[in-house]
Amino acid sequence: MKAIIVDDEKHVRDAIKLLVPWNNFGITAVLEAQDGVEAIQQIEEHKPEIIFTDMMMPLKNGMELMEWLQTNYPAGKTIVVSGHDDFELLRHVIKYGGIDYILKPIDAEQLHGALAKAVTRIREEEAERSRQTERNIERNQLRPVYWEKSLSGLITEPSGYESMADALQEEFGLSRDVRECKVAILSVDTLSAALKNKFGKHTELLFFSLTNISNEMLAEGSKRLGVAYRYWNSDNEVLILFYEELDTAEQLLARLQQGIRSVLGSTLDIGISLRRPFPAGLSAAYTQARLALRNRNLLTKTKAIYTFDPNPPAPPKPLSFTDYAEAFKLAVQSGSEKQIRKAVLEWTSAVRGQSSITIGQLELWWHEYNVSRNRWLTEMFGKGLPSFGQSEGYAFILPLDEQGAFSIDLWEQQLIRSLTEMSRLLLTQQQQDSNVIFDIARYIQHHYHQDITLQEIANHFYLSREYISRKFKQEFHVNISDYISGIRIDKAKMLLLNPHLRIAQVAAMVGYDDEKYFSKVFKKAVGMSPNEYRKVNQP
């Protein structure tokens, strides 16, 4: 901080300079002026935070200086040091925001107190300005999010418009006189792979770029035509609400596609609704725009604008996946990748013969595939379903090429991979069923609680101990005794969760007659005693 001492008497200026420990108050520079005129010049040039001033000076006195300060430099904190005990002067100081009024001869303690008060006030004001700046920054950051959520909410709850009508008019020029609207959907899914990879995980930046480009075009000209925003009820959509010059909406969207391509190097498909009442028809308008995108022909590679058609042409007789399902199943059971590829190619060849494919058609085929696939898994594996087959099936993901267009080739590869993995797991299962080592493993799993030995296992399966030991280690990468011990410890962990079972009982239930030996084996395997494990894992 800086300070200035304004007094026509040099010995007074010197006294103030000597009486104040400036560094203690964070003041690094002390300026001087002998009258109000010189003081104003110094203040304008150096911007000192604290002004000490006399009241009676030539050219421009202290009262005139304080009046100038209030108008031109209100941030400065003024401390008056005067030899006149005059009520009018004191009232003037109060009127023009002085911090304190100190009489000469100067008392050091009073001077320090007045300066401390001025410094405290400066720091409080700086802290408040900092807080206000942070609040402004936070408001500016949250403002777009607030409007995205509010506008998204209007799609599902148009009745909420009235509560924000005035704010919408002030923010976006959306007048209460607006009676009709159109809604457009920019489908981010159909951007090129290169552009998606460019943004990577920073999807927020991608949405920010798309909405910014859109809003700049919507704000061109004498009036704003609409507002673009990220739709919070979807992971991949930017919406545009048109409320002015609705007849030109499609032309503006065409220019928008060009603008996005120019800035980002790729463009996307856009669906747009017909005119709908505003605000009551917002939900219907969104549904129309979404249907326009869902009903588009995915075989068209060029990104386009799709307007909702209330009377679409009747679709051709649909191709059914179930007509090809048996060939898929036989190919999987054959274990031959060649047969799997052949079955898939027969299917995709029929798909390529279609004149039009919509998202709805793809989703239907994918549903039919998953129904068949789950049935095959049950038939092939029974209750022992592999982990990937225990769900309802893969979620539908539109297979898109590098340009963001639907690719039958990629879908073909996806099907081949899925069926090949299923076939591989089936062969593994079949091998396991015929492998005596897995029979031994199952035998151990059912008899772990008995006094089971390698010799007893060899006698049961009519095989040599050496053969069993060698083959078991090759298949499971662990010797039989460790395998038995591992099963027993796992079972013991579950039994220890029952607080009513004694440790000796648990030991006996998993095949250990000696409680101390059981505790020793358990601690070596788990890192804690059975009692410690029970305490740690009790609910």
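The shown structure was predicted, so the numbers you read here are calculated from the model rather than taken from an experiment.

### Observations concerning the sheet that holds strand β3 (residues 50-53)
Turning to step 1, where the next piece is worked out: The parallel open sheet is built from five strands, whose spatial order is β2-β1-β3-β4-β5. Each edge of the open sheet carries a strand with a single partner, namely β2 (29-33) and β5 (100-103). With strand direction ignored, the average angle separating the axes of adjacent strands in the sheet is 20°.
Turning to step 2, where the next piece is worked out: Direction of pairing for strand β1 (residues 2-6) relative to β3: parallel, over a ladder of four bridges. What sits directly across from V6, in β3, is T53.

### Description of the nonpolar core
Turning to step 1, where the next piece is worked out: Ranked by size, the top nonpolar core spans 31 residues in total, and within it W347, W365, W411 and L419 carry the most contacts.
Turning to step 2, where the next piece is worked out: Elements supplying a minimum of two residues to this core: α11 (325-334), α12 (337-352), α13 (359-381) and α14 (408-433).
Turning to step 3, where the next piece is worked out: Sort the elements by how many residues they give to this core and α13 lands first, with eight residues.
Turning to step 4, where the next piece is worked out: Look past the residues within four positions of L419 in its chain and what remains in contact with it is F328, V332, I340, V344, Y369 and W376.

### Section: the packing of helix α18 (residues 480-496) against helix α20 (residues 515-526)
Turning to step 1, where the next piece is worked out: Between α18 and α20, the shortest axis-to-axis distance is 11 Å and the interhelical angle comes to 95°. In terms of axis orientation, α18 runs roughly perpendicular to α20. Facing α18, whose interface residues are S485, I489, A492, K493 and L496, α20 presents F518, V521, F522, A525 and V526.

### Description of the packing of α18 against helix α21 (residues 530-537)
Turning to step 1, where the next piece is worked out: The interhelical angle for the contact between α18 and α21, taken along N-to-C directions, is 55°, at an axis separation of 9 Å. By the angle between their directions, the pair α18 and α21 is classed as oblique. Handedness of the crossing formed by α18 with α21: right-handed. Contact residues: K493, L495 and L496 in α18; P530, Y533 and R534 in α21.

Cut-offs and rules
- Residues numbered from 1 in each chain as written.
- Predicted model: local features only at pLDDT ≥ 70, side-chain atom pairs only at ≥ 80, totals over all residues.
- Heavy atoms only, no water.
- Pairing = 2+ DSSP bridges.
- Helix = DSSP H or I, 4+ residues; strand = E, 2+ residues; numbered from the N terminus.
- Axes fitted to C-alpha atoms, helices over the stretch in contact; angles between N-to-C directions.
- Core = buried A, V, L, I, M, F, W, Y, C linked by side-chain atoms within 4.5 Å.
- Buried < 20%, exposed > 50% of the residue type's maximum accessible area, 1.4 Å probe, protein only.
- Contact = heavy atoms within 4.5 Å.
- Parallel < 35°, antiparallel > 145°, perpendicular 65-115°, else oblique.
- Left-handed = near helix turned anticlockwise from the far one by under 90°.

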